[in-house]
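Residues per chain are reported as follows:
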Amino acid sequence: MKNTYKRAAMAALVAWSLGLSAAHADELTVGVQLPMTGTLARVGSGMQEGIIVAAEVFNKANGKHKIKLISVDDESAPAKAIAAVEKLASQGALAITGGYGSNNIAPASDAAGKLGLVYVTSGGVDDSLVNSGHKNFFRINNTAGYQKAMVGLLADMNIKSVSVIYSTKEATTGLAKDLEKALSAKGVKVVGHAFDPALTDFKPIINKIKLRDKSEAIAMVGYENDYVGILRAARVLKPAVKAMVGVWSLATPKMAADFPDLMPNVYGTAVLPFPAEFKTADGKSFNEAYRRLYKKEPDYLGQFGYVQSMLLFEALARAADKGTLKKDGVAEEMRKTDRETLIGHVRFGSNGDNPNFTHRMGQHQAGKVVIVWPKDAATGTIKFPGVPW
């Protein structure tokens, strides 16, 4: 009787141990490297919201695997971004999602590559990121998509002269130069104004535009703090322009809420209008989870963070099912990605870039963001000419 009891107890213990092992195997740890403090904290926070929503939606829908997120703040600094990736790897991360600012992403993704970890982002558009030969790097957006949107909008406005104000960081400089080239090819007069990322007083640049350039539009290629500085200077000096056009991190609910005096009539890239409208099952799942977790409207930063992370989670699950997590299986599965998402169709080329990426342009109108370009995606009527003063 005692032997029978012992055998039963041992069998139960073995079964319990195996159950623990199975549960552990089903938990897929993903590292999140983002700027939660420093100059990029606002955009880092927005992307993190989308990443967390992706984990929430994935874990609810997938009965076999569970995503566990671990996060490290890179403090908006390249050296700290490297340290963040290394720390996440030491904590068992199987892959990395996040990253904002190409100058932070480049060293961070390089560190991830050396550690054999897949790195996926939507926060860096410098083409050197995909031309450096990394086999584990993936991004869902690129400079070409932003450039086409800005050029398309300015062409529809029949703008003949543009002053381009851009940060000297690699990604912003690259986009500004591509924008200048594309506009010049269309016969548009373009004047470039580069500024150091540490600059806070933009009045001298705006004054040059007002008195010397006399352009019809100002194109801003920078980040949130830069836009705020440029728009504040423009409100004071009031150059005779017809439009203020920017790119990422501008046409968002956060900017509308935090700077209501600066945003009216300003244009920026936007995937969806605000308030958002979702028609697909994936979009509705994202929207429901986002609103439940954060009690607010989702913005495009959250959408990008959601898409990049959901694609990674799906690739991790497929690799786990095939037993290739430790054998470059995650990168292999990422390269098999080919599906519709909240930002359009995504598939990755051999260099990890998404050749299908295209963007839309939104305009701040009465506290909302209205899609105004391209015309077939417009959710409202463009207000042109129009500036915030």
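Residues numbered from 1 in each chain as written. Predicted model: local features only at pLDDT ≥ 70, side-chain atom pairs only at ≥ 80, totals over all residues. Heavy atoms only, no water.

A.B. asks: When you look at the environment of Leu301 in this model, what are you seeing that I'm missing?
C.D. replies: Note that Leu301 resides in helix H11 (residues 300-322). Each C-alpha atom, one on Leu301 and one on Gln48, is 8.5 Å from the other, the two residues being 253 residues apart in sequence. Discounting residues that sit within four places of it in the chain, Leu301 has contacts with Val43, Gly46, Met47, Tyr100 and Ser249. (Helix = DSSP H or I, 4+ residues; strand = E, 2+ residues; numbered from the N terminus. Contact = heavy atoms within 4.5 Å.)

A.B. asks: Quick question: what am I supposed to make of the layout of surface pockets here?
C.D. replies: One number sums up the size of the largest pocket: a volume of about 630 Å³. What lines the largest pocket is a set of 26 residues, among which Val271, Leu272, Leu342, Gly344 and Arg360 lie closest to the centre. If you list the elements that add at least two residues to the lining of the largest pocket, you get helix H5 (143-156), helix H10 (281-294), strand S11 (338-341) and strand S14 (368-373). Partitioned by chemical class, the residues of the lining of the largest pocket number 11 nonpolar, eight polar and seven charged. Structurally, the lining of the largest pocket is a two-domain feature, drawing no fewer than three residues from each of domain 1 (11-142 + 279-347) and domain 2 (144-276 + 360-377). (1 Å grid on protein atoms, 1.4 Å probe; cavity = no way out; pocket = protein on both sides within 12 Å on 5 of 7 lines; lining within 4 Å. Points joined across faces, edges and corners; volume = space filled by probe spheres on them. Nonpolar A, V, L, I, M, F, W, Y, C, P; charged D, E, K, R; others polar. Domains from an automatic or database assignment.)

A.B. asks: Could you clarify how one ought to interpret the pattern of salt bridges in this entry?
C.D. replies: If the charged atoms of two oppositely charged side chains come close together, the side chains can form a pair. Evaluated as defined, the whole model comprises 21 salt bridges. In this structure, Asp321 and Lys64 form a salt bridge, with 3.1 Å as the shortest nitrogen-oxygen distance. With a gap of 257 residues between them, Asp321 in helix H11 and Lys64 in the loop between helix H2 (41-61) and strand S2 (66-73) connect regions that are remote in the sequence. Put simply, Arg318, Lys322, Glu332, Glu333 and Lys336 are held in one network by salt bridges that share partners. (Salt bridge = Lys/Arg side-chain N within 4 Å of Asp/Glu carboxyl O.)

A.B. asks: How should I be thinking about the domain arrangement of the chain in this particular structure?
C.D. replies: By a frequent convention, interface size equals the accessible area lost on bringing the separate parts together. Domain assignment breaks the chain into domain 1 (11-142 + 279-347) and domain 2 (144-276 + 360-377). Taken over C-alpha atoms, the centre of domain 1 sits 30 Å from the centre of domain 2. The interface is formed by 26 residues belonging to domain 1 together with 22 residues belonging to domain 2. In total, about 2,000 Å² of surface goes out of reach between domain 1 and domain 2, with carbon and sulfur atoms giving 54% of it. It is Arg42, Glu297 and Tyr300 that lose the most area in domain 1 upon contact with domain 2, and together they represent 32% of the buried surface on that side. The tally of links from domain 1 across to domain 2 stands at two salt bridges. (Buried area = accessible area lost by both parts, 1.4 Å probe.)

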